[in-house]
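Below, each chain spelled out in residue letters.
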Amino acid sequence: MKRITFIVLTLLLIAMVSCYRDDDSNRYISLAIQDAVIFENNQNYTLRDTIYVELNFDRYLDEEGYPNKLDIFESSGAESFRYDFGLNRDSDIAEGFRPVEISPEFLLAEKGTADRFGSATAQLNPERTRYESRIGIILAEEGTFELDFTFINLYSTAYLEDKVEIEILHNFSSTPPNFQFTVSAE
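Residues numbered from 1 in each chain as written. Predicted model: local features only at pLDDT ≥ 70, side-chain atom pairs only at ≥ 80, totals over all residues. Heavy atoms only, no water.

## Section: the overall build of the protein chain
Applied cut-off: Each helix is a run of DSSP H or I of at least 4 residues and each strand a run of E of at least 2, with the numbering of both proceeding from the N terminus. Note on exposure labels: buried denotes an accessible area under 20% of the residue type's maximum, exposed denotes more than 50%, and partly exposed covers the range between, all computed with a 1.4 Å probe on protein chains only. Contacts between residues were defined by any pair of non-hydrogen atoms, one from each residue, lying within 4.5 Å. Method for areas: the Shrake-Rupley scheme with a 1.4 Å probe, in which residue coverage is limited to the protein chains shown.
The helix and strand tally for the protein chain stands at 2 helices and 17 strands. Burial statistics for the protein chain: of 186 residues in total, 35% are counted as buried. Contacts in the protein chain between residues at least 24 apart in sequence constitute 73% of all its contacts with a sequence separation of at least 6. Within the structure as shown, the protein chain displays about 11900 Å² of accessible surface, and the carbon and sulfur contribution to it stands at 51%.

Below, the structure is given as structure tokens:
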């Protein structure tokens, strides 16, 4: 009887191990977009002006090696994609631009969300065709600043068992826009 139990348990263990698949290797997709960042830079602003940065991209994106566009909402289940941005200030003491933390009272999110740690989301629009973000920063200090949108990676915010995680790498097709500007009292 012990021998039969041992054989049954061994066969059951072999069946369980052979049925196991590492599905995580197929649960991650990396895509790319270009020129999705819009910043209309006047280069000279006064205190209390608000600058806006937009990041917009289609729900359907090209996937390398496939003829059809990928529906990133259906694939990921994500109603939003998170990305990071920064604000740097020129400092004589530091001899260059250094990061500045933005207090929440100086951030506006007309589309998507933004938080004080330089993280924002692009939300799926009501028509469910595009992901959109429009973030405003109220300029409260004088100086020379630059927005840091050098490397933008967007990450799906839904982590569902039956969906994939998507990372979207943003780049500019030509020279990036000028993200430097000056804020003065008047």
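## Describing the packing of aromatic side chains
In this description, a pair of aromatic rings is defined by centroid distance and the angle of the planes. Basically, it comes down to this: Note on aromatic contacts: the rings of Phe and Tyr and the six-membered ring of Trp form a pair at centre separations within 6.5 Å, being stacked when their planes are under 30 degrees apart, edge-to-face when over 60 apart, and tilted otherwise. Whether a charge sits over a ring depends on NZ of Lys or CZ of Arg being within 6 Å of the ring centre and within 35 degrees of the ring normal.
Scanning the entire structure with this criterion turns up 10 aromatic pairs. With a centroid separation of 6.1 Å and 10° between ring planes, the pair formed by F85 and F149 is classed as stacked. Of this pair, F85 sits in the loop between β7 (80–84) and β8 (86–91) while F149 sits in the loop between β14 (143–148) and β15 (152–156), and the two are 64 residues apart along the sequence. Among the aromatic residues, ring-to-ring pairing joins F39, Y45, F85, F145, F149, F172, F179 and F181 into one connected group. Here the guanidinium or amino end of R128 rests over the ring plane of F73, the centre of that ring lying 4.8 Å away. Between R134 and the ring centre of Y52, over which it is positioned, the NZ or CZ distance is 4.0 Å.

## Focus: the nonpolar core
Defined as follows: By convention a nonpolar core is built from buried Ala, Val, Leu, Ile, Met, Phe, Trp, Tyr and Cys residues, the set being connected through side-chain atoms within 4.5 Å.
One finds F57, I72, L147, I168 and F181 to be the most contacted residues of the largest nonpolar core, which totals 42 residues. In this structure, I168 is in contact with L31, A32, I33, F57, L61, I72, F81, I152, N153 and L154, ignoring residues within four places of it in sequence.

## Digging into the sheet that holds strand β9 (residues 96–100)
Within a sheet, adjacent strands bond to each other through the backbone by hydrogen bonds, running parallel or antiparallel. Heads up, the rule is: For two strands to count as paired, DSSP must find a minimum of two bridges between them. Only C-alpha atoms enter the line fits that serve as axes; for helices the fit covers just the stretch in contact. Angles between N-to-C directions range over 0 to 180 degrees.
Pairing within the open sheet is mixed, and its 5 strands lie in the order β3-β17-β14-β8-β9. Each of the sheet's edge strands pairs with one partner strand only, and the pair in question is β3 (44–46) and β9. The sheet shows a mean angle of 35° between the axes of neighbouring strands, direction not considered.

## Points about the environment of F106
Following the sequence through the fold, F106 ends up in the loop between β9 and β10 (107–111). On a C-alpha basis, the gap between F106 and I137 in space is 5.7 Å, while along the polypeptide they are 31 residues apart. In this view, F106 contacts R48, G136, I137, I138 and A140; residues no more than four positions away in its chain are not counted.

## Some details on the side chain of S80
Here is the rule: Pairs of N or O atoms within 3.5 Å make up the polar contacts considered here, provided that, within protein, one atom can donate a hydrogen while the other can accept it, and that residues adjacent in sequence are counted only when both atoms are side-chain atoms.
The residue S80 is located in strand β7 in this model. Classification of S80 as buried rests on a relative accessible area of 10%. A polar contact is formed between the side chain of S80 and the side chain of T157, at a distance of 2.8 Å. S80 has contacts with T121, A122, Q123, Y131, Y155, S156 and T157, leaving out every residue within four places of it along the chain.

## A look at unusual backbone geometry
The residue D35 is not glycine, and still its phi comes out positive at about 55°. Locating D35 in the fold gives a position in the loop between β1 (28–34) and β2 (37–38). One non-glycine residue, Q43, lies in the positive phi region at around 70°. Mapped onto the secondary structure, Q43 falls in the loop between β2 and β3. Given the relative accessible area of 38%, Q43 is considered partly exposed.

## Points about the pairing of β8
Bridge count between β8 and β14: 4 bridges; the pairing is antiparallel. Among the inter-strand pairings, G86 is bridged to a residue of β14, identified as D148. Where β8 meets β9, 5 bridges bridge the pair, whose relative direction is antiparallel. Paired with L87 across the two strands is V100, which belongs to β9. Hairpin connection of β8 to β9: 4 residues between the antiparallel strands, including E95 at a positive phi of 55°.

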